[in-house]
Structure formats: C-alpha cells, structure tokens
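Overview (structure and organization)
Next come the chains, spelled out residue by residue.
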Amino acid sequence: MSTPNIYVPGLEGIVAAQTKLSKVDGLAGELVIGGFKLETIANKASFEEMVFTLWNGRLPNEKELKDFRKSLAKLRELPEPTLKLLKAIATEKLNMMDALRSAVGTLGLNSPKENQDQWLAQRLLAAFPTVVAAAWRLSHGKRVIAPDPKLGHAANYLYMIEGKAPSAARVRGLETYLNTVIDHGLNASTFTARVIVSTASDFVSAIVGAIGALKGPLHGGAPGPALDMVFEIGDASKAEAVLRKKLAAGERLMGFGHRIYKVRDPRADVLAKAAREFYEADGDMKFYDLVLDVEKVALSMLEEHKPGRNLQTNVEFYTALLLHGLGLPTGIFSPTFAVARVGGWLAHCFEQRAAARLIRPQSQYIGETDKHWIPLESR
Ligand code: ACO
C-alpha cells in the first residue's frame, strides 16, 4: 500500500482503525455507541448490558444478561498476590492510577490456556472495580471489602468503596456515567490498547498500557482538577478573576476543549441531566448551580483567550459534577473513568484481534546523518 509520507503531529485527522463500536461526530456533537445514539441508551442500560452490547454487537436477551452477570460476579475476587501488592502499594502512597496500573498487571494470574482472550476480558472487566475499591480503602487505612456477588457491577463498586449497599438512584447515576464514557472512538488510551494487541500481545498488556495513557491530565486525569477548580472558585462572583488568572499564567482550564468536538461534547449534556436529577432529588442545588455559573464564565473567557477556537465544555467537567454528587471522592474519579472505559478498551482489543494487522506507522527523521565517531578519551 502506498504511504502518504506526510507528518501529522498528534495524528490529527488520520484514520487508523475501522470500528463498529462508537461513532464520534465532532462537528454535529453526536456520539453513537454500539449503534445507539448516546442519549437513547446511557440512562436506560445497566453497565453489564452496555458491555455485552459492545462485545457482541447487540443487546443481550434476559438469559444472556443473567449468565453474563453471573460469570462476571465469579471473577470479581482478587488473587492473593494482587491483594498483597495493593497492600504494599498503599504503604508507598502511590496515586490511584499508578496503583490500578500496577495491580491490573497481575490479573492474568491463573488464566486458562484456552479462550484466553475471552477469559481475560471478563476477568479484567470484573476485577477493575475490586482493584480500585481495595486500593482506595487500603490507602485510607481501611480494611478491604469483599465483592458481593448478589449486587450488579455498579452497585457492587459503590458497596466495595463504602461498605454499605447504595440506593437505586446512586446506582442509576453511576451506571449512566459508566455507559456514557465506556467508548469514544480512537482516543489515546484506546489507540494504545489497539497498538499493543496488534503486535499479537495479550489483553492484560493492552489494558495496562491503556491505563497509562488514560492517566494523563490531557485525557482521563482532568475531572479531579476540574472539580478542584470549582472548589477554588467557591462563589460564582469570583469565577472571572480566578479563571482569568489561570489563563494568564498559561494554565489550561480543565474540563474544556477537545481534539474532536468543536461543539459541546454530547456526553456533557447526558451527564449534566443525570447530575441535575440527582442533585434535585437530594434537595440541594447550590453546587450544581455554581458549576453551571462557572461553566458560563469559563466559556466566555476561553472565547476571549482563543477567539474562534471553539473551546467547549468536555465530558470531564460534568463528570466532576456527577461523581461528586454521587459522593465519590476526587481521588477516585480517574480510576472510575477506567472502570467504565475498560469495557470499551476490551471491545477494541477484540476488534483489533480480528483485524489482525500490526499497527506500525512511520517517523520522519529530522536528525543529522553524517556525524563522525569520536573516541571516548577525545570527547
Ligand atoms: N484551556 C485553555 N486553553 C486551551 C484549552 C483549555 N482547556 N484547551 C485548548 N486550549 C488552547 C491550547 O493551548 C491551544 O492554544 P495554541 O494553539 O495557542 O497553542 C488551542 O487552545 C488549541 O488547543 P489544542 O491543544 O490544539 O487542542 P488539542 O486538540 O490538542 O487538545 C485537549 C485537546 C488536550 C483536551 C485540550 O483542550 C486540553 O488540554 N483541555 C484541558 C484538559 C481536559 O479537559 N482534558 C480532558 C479531555 S476529554 C477526555 O479525554 C476524556
């Protein structure tokens, strides 16, 4: 195949995979996941239904869903070496994404030789929440809570963090979040996973690599800092001064801007709606209103700062609002993103396995070509 030989920084606009998993239309502000427009499925499906749909290309029937749930519930418990590692990590005070990345590397232990991809996919999906909850509790000097096989994936996650069964409204709120961010085209972490699988490597390696890519503040590390920014502002009347100072100092406003979306990220709307319902039910809209005020000011500041660049609200801004409303601590926001996105990463791993084509782009050499060797004693 002929190669264009053009250097495109950041691979912007380059199509490097074909997928049936999600369609991101950055100009229309539209997101389709597993064939469904995001807003038609995110607040209806359970997380297990969403994952099944991505992995199988269709919604499960009742029996398939029951079997899938049962099979996942059996794979939630962590192997003893993983727990030991998490305990050691807690004493080192690693950040949560580093803890997740390290522990996930051990989840291939005891994997069968046959149907390894299928087994590892279920193992990784099922055990992610257990790793995050255990890492979080251990780092706060609390005992690890074993998973409850009677609870669904999202409910069990909250249970393992807090030690009590969550309300149906909180489970629904969390599932809407998990479904909303489960997949998003060829984002950096998904691309990483696909590159690794394309070398005929295993799914654990692919997911460990993807976690590393997600950790960065330009990708999945933004919701914590976005929330911190709102806390720092504290009162809508201070928003302009605080944001102006940040922009003048060359900082990026977390939760704004996107490589693909040049209009408002459609996921922001789905999450804002879920957050609104949740905060309304709680009876306290103060924080919700502050976030909306901060958003308005931030958008007008960004237009002033980068005129015509269309820097709009992205998913991370409303992630912060929703996850905070659900009572999750800031330190667990990015790992919770990973708990969702692992479903999409694994769907891409299956797709890449089927595509069976090594991903190997080229580089353009811009260094010298005629240097002279100087013996060590003469340098
Ligand atoms: N605040 C201030 N300025 C910004 C912001 C922002 N949030 N986003 C972009 N800009 C500026 C850039 O500095 C750049 O200016 P320049 O051309 O003078 O250098 C210009 O706007 C264009 O931005 P790019 O960096 O080219 O946009 P890119 O597509 O590379 O980056 C990104 C997108 C990384 C998301 C960026 O908007 C950003 O850093 N946002 C803040 C972090 C964030 O919210 N990350 C979560 C993204 S969503 C997700 O991954 C799940």
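Up top is the structure these notes are about.
Let me sum up the structure you'll find in this document. (Residues numbered from 1 in each chain as written. Predicted model: local features only at pLDDT ≥ 70, side-chain atom pairs only at ≥ 80, totals over all residues. Heavy atoms only, no water.)

**Thoughts on the packing of helix H13 (residues 266-282) against helix H15 (residues 315-325)**
Operational definition: Structural elements are reduced to axes, namely lines fitted to C-alpha atoms, with helices fitted over the stretch in contact, and the angle between N-to-C directions of any two is expressed from 0 to 180 degrees. A run of H or I in DSSP counts as a helix once it spans at least four residues, and a run of E counts as a strand once it spans at least two, with each numbered from the N terminus. Should an angle fall under 35 degrees it is taken as roughly parallel, and over 145 as roughly antiparallel, whereas 65 to 115 is taken as roughly perpendicular and any remaining angle as oblique. Here a crossing is taken to be left-handed if its near helix is turned anticlockwise relative to the far helix by less than a right angle, and right-handed if that turn runs clockwise. Any two residues whose heavy atoms approach within 4.5 Å at even a single point are treated as in contact. We call Asp, Glu, Lys and Arg charged. Ala, Val, Leu, Ile, Met, Phe, Trp, Tyr, Cys and Pro are nonpolar, and the rest, Gly among them, are polar.
Contact pair H13 / H15: the axes reach a minimum separation of 8 Å and the direction vectors enclose 20°. Here H13 is positioned roughly parallel relative to H15, judged by the angle of their axes. Of the two elements, H13 crosses H15, and the hand of that crossing is left-handed. Each of Arg 267, Ala 268, Leu 271, Ala 272, Ala 274, Ala 275, Phe 278 and Tyr 279 in H13 lies in contact with H15, whose residues at this interface are Val 315, Tyr 318, Thr 319, Leu 321, Leu 322, His 324 and Gly 325. Split by residue class, the contact of H13 with H15 holds 11 nonpolar, three polar and one charged.

**Let's talk about the side chain of Thr 319**
Filter applied, for reference: Two N or O atoms form a polar contact when they lie within 3.5 Å of each other; inside protein one atom must be a possible hydrogen donor and the other a possible acceptor, and for residues adjacent in sequence the pair counts only when both atoms belong to side chains.
Structurally, Thr 319 is set in helix H15. Of note is the side chain of Thr 319, whose polar atom sits 2.9 Å from the backbone oxygen of Val 315. Not counting chain neighbours up to four residues away, the residues in contact with Thr 319 comprise Tyr 177, Pro 223, Leu 271 and His 324.

**Observations regarding the nonpolar core**
Cut-off, in case you're wondering: Buried Ala, Val, Leu, Ile, Met, Phe, Trp, Tyr and Cys residues form a nonpolar core when they are joined through side-chain atoms within 4.5 Å. When a residue's accessible area, from a 1.4 Å probe over protein chains only, is under 20% of the maximum for its type it is buried; when over 50% it is exposed; and in between it is partly exposed. Segmentation of the chain into domains, including their bounds, is taken from an automatic or database domain assignment.
If you look at the biggest cluster of nonpolar residues, it comprises 115 residues, and the most contacted ones within it are Phe 128, Leu 174 and Ile 207. The element best represented in this core is helix H6 (residues 116-139), accounting for 14 residues. Both domains that meet at this core, namely domain 1 (22-220 + 330-355) and domain 2 (223-325), each give it at least three residues.

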